[in-house]
Amino acid sequence: MLRQAIVVLSVTALCHPQVVARPAAEAARPGARSEVVQLLHDGRFDEAEESLAEGGPFPAGVDRDFLRAFVFYWRLLYDERDPGLKVAFEARLDAAQASAEARLNVAPRDAEALLWIGTAHLFLAELRATDKRPFAAASEARRARRALEAAKDTDPGLADASFGLGTVDVLADELPSLARKLTSILGLSGDRARGLRELERAAREGKVFSLEARLSLLLSARSSRRNRDYERSLQEADLAAASTPASVAALRGAARVRLALGAAPRAAAELDAALAIAARAPRTDRAVLASLLVERAQAELALFRPDLALEGLRRLVPLGALPPAIRKDGAEVARTATSAVPVPPWFAEVAGALGMDPPSSVDGEARTDNASWRKAIPALELERKGEPDRAAERLVALAAEAPDDAILALLAGRAELLTGRPARARSWLSRAEVSPRLPQAWLGPCLLLGGAAADLAGDRAAAVALYRRATEAPVFVAKEAAWFHLSVPYRGPS
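Cut-offs used in this document
- The written sequence of each chain sets the order in which its residues are numbered from 1.
- With pLDDT at 70 or above as the cut-off, local features in this predicted model cover only qualifying residues; side-chain atom pairs require 80 or more to be listed or tallied, and sums for whole chains, interfaces and linings still use all residues.
- Hydrogens and water molecules were not included; the side-chain quantities draw on all heavy atoms of the structure.
- Helix and strand definitions follow DSSP, with helices as H or I runs of at least four residues and strands as E runs of at least two, each counted in order from the N terminus.
- Relative accessibility decides the category of a residue: with a 1.4 Å probe and only protein chains considered, values under 20% of the type maximum give buried, values over 50% give exposed, and everything between is partly exposed.
- Using the Shrake-Rupley algorithm and a 1.4 Å probe, accessible areas are obtained, with residue cover drawn only from the displayed protein chains.
- The salt bridge criterion pairs a side-chain nitrogen of Lys or Arg with a carboxyl oxygen of Asp or Glu, the two atoms within 4 Å.
- Should any heavy atoms of two residues lie within 4.5 Å, those residues are considered in contact.
- Think of pLDDT as the predictor's per-residue confidence, scored from 0 to 100.
- A pair of aromatic rings is counted whenever rings of Phe, Tyr or Trp (Trp by its six-membered ring) have centres within 6.5 Å, and the orientation is called stacked for planes under 30 degrees apart, edge-to-face for over 60 and tilted otherwise.
- Residue count minus one, scaled by 1.5 Å, sets the expected span of a helix.
- Working convention: axes come from line fits to C-alpha atoms, limited for helices to the stretch in contact. Angles between N-to-C directions cover 0 to 180 degrees.
- Whether a crossing is left-handed or right-handed is set by the direction in which the near helix is turned from the far one by less than a right angle, anticlockwise for left-handed and clockwise for right-handed.
- The residue classification treats Ala, Val, Leu, Ile, Met, Phe, Trp, Tyr, Cys and Pro as nonpolar and Asp, Glu, Lys and Arg as charged. All others, Gly included, are polar.
- What makes a nonpolar core is a set of buried Ala, Val, Leu, Ile, Met, Phe, Trp, Tyr and Cys residues whose side-chain atoms join them at distances within 4.5 Å.
- Put simply, angles under 35 degrees are roughly parallel, angles over 145 are roughly antiparallel, angles from 65 to 115 are roughly perpendicular, and the rest are oblique.

Chemist: Lay out the overall build of the chain with the relevant residues and their values.
Modeler: When helices and strands are counted, the chain shows 25 helices and zero strands. For the chain, with 494 residues in total, the buried portion stands at 56%. For the chain, the accessible surface area stands at approximately 20600 Å², while carbon and sulfur atoms represent 53% of it.

Pasting the structure below:
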């Protein structure tokens, strides 16, 4: 949702702060706020709601009201198209604002109340932007900036205010050129460097929005049109994955970056760790669990195991109705997997859960008759067991026995690359790339691997040409890695 604030900033400038003084304390049980935030980061939304109910550790007031709104912020991150969630979120943000204003009427020098009201205005600005109400979004953004800067001026130690301020600054700097010129004329342009410093401070010192700031840093490193920094994105993924205590959201955020940038083994490990956390909490929200399962299936595709990707998608069936974005991503995994391996007998259930056509009309050039992957599975299992040399030997032998088999050539080339033989890898990958029998869904991965092999062989010009072609190939899990390696040569598995 934070990316949507770009719409807000494109139609307005942001106001200067008012200075107030230090906050008054709220009498919640020590540690209660952190416990709620941890529940949200682990996708345990119902349990967070229960801890915020009347009679719980939080007295009535803005602290409880804002956290109740924050529950819906996190719910919407997993199901952003649900209109009922959006209505409920807005109602709770209104309640949080009313509570904050009531506290400020009694204690006008309360920095924490300013933090809550400013962040509530920021979230409302995002809702207005997603509803295509730019002027209403601008009004909320002005209020958000004013309150957050006032909170920071009042209590310089309140690091959580830096989350919203940093986000606004980074997004303002990423506006289209015309909007940036307008804000520059008004003297109110964003400052990316300052925004990143604010986010870094919130990530390092924040008590509520530390993880949110870290995830925003992680996203900003990849999404900026003018300042894309994939190496920093991977560094931020390392920090997110190492955050303490470990959480589903942090591990998932790190894994998503690694999947996009071609580090599938680490992504798979982080998603497994997130799923283990979810398994210990039976009430983890089903949208959270479904997201993890789809992303784990994406990792299997990136590891060239479409058979296991389908097995992973099968775990979605008992979860019931899924959010549209999750169905869309899962269907893309299913289409790619079924272009390479035979459709299993239970696939109709998966197709139903994902809202796909029945198996008889699933797209794919090798839905039922391609046995290449089945032949290769024993060798691929050796790779998973830590025996890449034996796996490569078997895959090369299989490809040599079937010189017209594009999938076996692809797998042989990948195996040669993973075992440090880039020249031999290039030969197999070139054969697969030009074959009309290679399913289109696997062209991009083949080109990406070819670029990596060329890089390791010292042929940077050929590598760049292959990466460029990979960026133009049909969508695949690690497509962003092609953009990454256009600027940073491939130097081996990460």
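Chemist: So what about the pattern of salt bridges? Which residues, and what values?
Modeler: A complete count under the given rule lists 35 salt bridges for this structure. Residue arginine 128 is joined to glutamate 90 by a salt bridge in which the shortest nitrogen-to-oxygen separation is 3.0 Å. Here glutamate 90 lies in helix α5 (residues 83–106) and arginine 128 lies in helix α6 (residues 111–130), a separation of 38 residues in the sequence. Taking the relative accessible area as the measure of exposure, arginine 128 reaches 9% and is therefore buried. Here arginine 424 makes a salt bridge to glutamate 416, at a shortest N to O gap of 3.0 Å. Overall, the relative accessible area of 1% leaves glutamate 416 in the buried class. Bridged by salt links that share partners, the residues Glu200, Arg214, Arg232 and Glu236 form one connected network.

Chemist: I'd like a description of the environment of glutamate 300, backed by residues and values.
Modeler: The residue glutamate 300 is located in helix α15 (residues 286–302) in this model. What glutamate 300 contacts, discounting residues up to four positions off in sequence, is Arg305, Pro306, Leu308, Ala309 and Arg384.

Chemist: Explain the confidence of the model for the chain to me, using residue names and the numbers behind them.
Modeler: Overall, the prediction assigns the chain a mean pLDDT of 86, with 86% of residues at 70 or greater. With pLDDT under 50 throughout, residues 2–26 is counted as low confidence; its partners more than four residues away or in other chains account for 90 contacts. Low pLDDT, under 50, characterises residues 361–369; the stretch is placed with 25 contacts to residues that sit more than four places away or in other chains.

Chemist: Describe helix α25 (residues 479–487), and please don't skip the residues or the numbers.
Modeler: Here α25 lies mainly inside the structure; seven of its nine residues are buried. Buried within α25 are the following residues: Lys479, Glu480, Ala481, Ala482, Phe484, His485 and Leu486.

Chemist: Quick rundown of the packing of aromatic side chains? Include the residues and the values.
Modeler: The tally for this structure, following the rule as stated, stands at 17 aromatic pairs. Both rings, one in tyrosine 73 and one in phenylalanine 89, keep their centres 6.4 Å apart while their planes meet at 55 degrees; by these two values the pair is tilted. One end of the pair, tyrosine 73, is in helix α4 (residues 62–78); the other, phenylalanine 89, is in helix α5, and 16 residues separate them in sequence. When its relative accessible area of 3% is taken as the criterion, tyrosine 73 is described as buried. An angle of 65 degrees between the planes, with centres 5.6 Å apart, marks the rings of tyrosine 230 and phenylalanine 484 as edge-to-face. Placement of the pair is tyrosine 230 in helix α12 (residues 230–241) and phenylalanine 484 in helix α25, with a sequence separation of 254 residues. Of the two residues, tyrosine 230 and phenylalanine 484, both sit in the buried class.

Chemist: Before we move on, could you go through unusual backbone geometry and cite the residues and values that matter?
Modeler: A cis amide bond links threonine 244 to the next residue, proline 245, at an omega of 0 degrees. Tracing the backbone through its elements, the reader meets proline 245 in the loop between α12 and α13 (248–260). For phenylalanine 304, which is not a glycine, the phi torsion comes out positive at approximately 60 degrees. With respect to the helices and strands, the residue phenylalanine 304 is situated in the loop between α15 and α16 (306–314).

Chemist: So, the environment of leucine 234: which residues are in play, and what are the values?
Modeler: Inspection of the secondary structure assignment puts leucine 234 in helix α12. Separated by 13 residues in the primary sequence, leucine 234 and alanine 221 place their C-alpha atoms 9.0 Å from one another. Beyond its immediate chain neighbours, meaning those up to four positions away, leucine 234 contacts Val257, Arg258, Leu261 and Phe484.

Chemist: So what about the environment of leucine 438? Which residues, and what values?
Modeler: Inspection of the secondary structure puts leucine 438 in the loop between α22 (422–434) and α23 (443–456). Overall, the relative accessible area of 4% leaves leucine 438 in the buried class. In sequence terms leucine 438 and alanine 409 are 29 residues apart; their C-alpha atoms lie 9.5 Å from each other.

Chemist: Got a sec to walk through α4? Specific residues and values, please.
Modeler: Residues that lie three or four places apart on an α-helix share one face, since the helix turns once every 3.6 residues. The terminal C-alpha atoms of α4, which comprises 17 residues, lie 25 Å apart, in line with the 24 Å expected from a rise of 1.5 Å per residue. Burial analysis of α4 places 15 of its 17 residues in the buried class, which makes it a mostly covered element.

Chemist: Quick one: what's the story with the packing of α16 against helix α17 (residues 324–338), residue by residue and with numbers?
Modeler: It is at 9 Å that the axes of α16 and α17 come closest, and there the two elements cross at 145 degrees. Taken as a pair, α16 and α17 cross one another with a handedness that is left-handed. For the pair α16 and α17, contact is made by Pro306, Ala309, Leu310 and Leu313 and by Gly330, Val333, Ala334, Ala337 and Thr338, respectively. Of the residues contributing to the contact of α16 with α17, the split by class is seven nonpolar, two polar and no charged.

Chemist: Go over the nonpolar core, please, and point to the residues and values.
Modeler: In terms of nonpolar packing, the biggest core is built from 143 residues, with Phe70 and Leu313 touching the most fellow members. When residues of this core are assigned to their parent elements, the largest contribution, 11 residues, is made by α4. Leave out the neighbours within four places in its chain, and leucine 313 touches Val294, Ala297, Gly330, Val333, Ala334, Val350 and Leu354. Ranked by size, the runner-up nonpolar core spans eight residues in total, among them Ala240, Ala254, Val257 and Phe484.

Chemist: Go over the packing of α5 against α6 with me, naming the residues and quoting the values.
Modeler: Between α5 and α6, whose axes approach to 9 Å, the crossing angle comes to 150 degrees. Regarding the angle of α5 to α6, the classification is roughly antiparallel. The element α5 and its partner α6 pack so that their crossing is left-handed. Here α5 contributes Lys86, Phe89, Glu90, Leu93, Asp94, Gln97, Ala100, Glu101, Arg103 and Leu104 to the contact with α6, which in turn contributes Glu112, Ala113, Leu114, Ile117, Ala120, His121, Phe123, Leu124, Leu127, Arg128 and Thr130.

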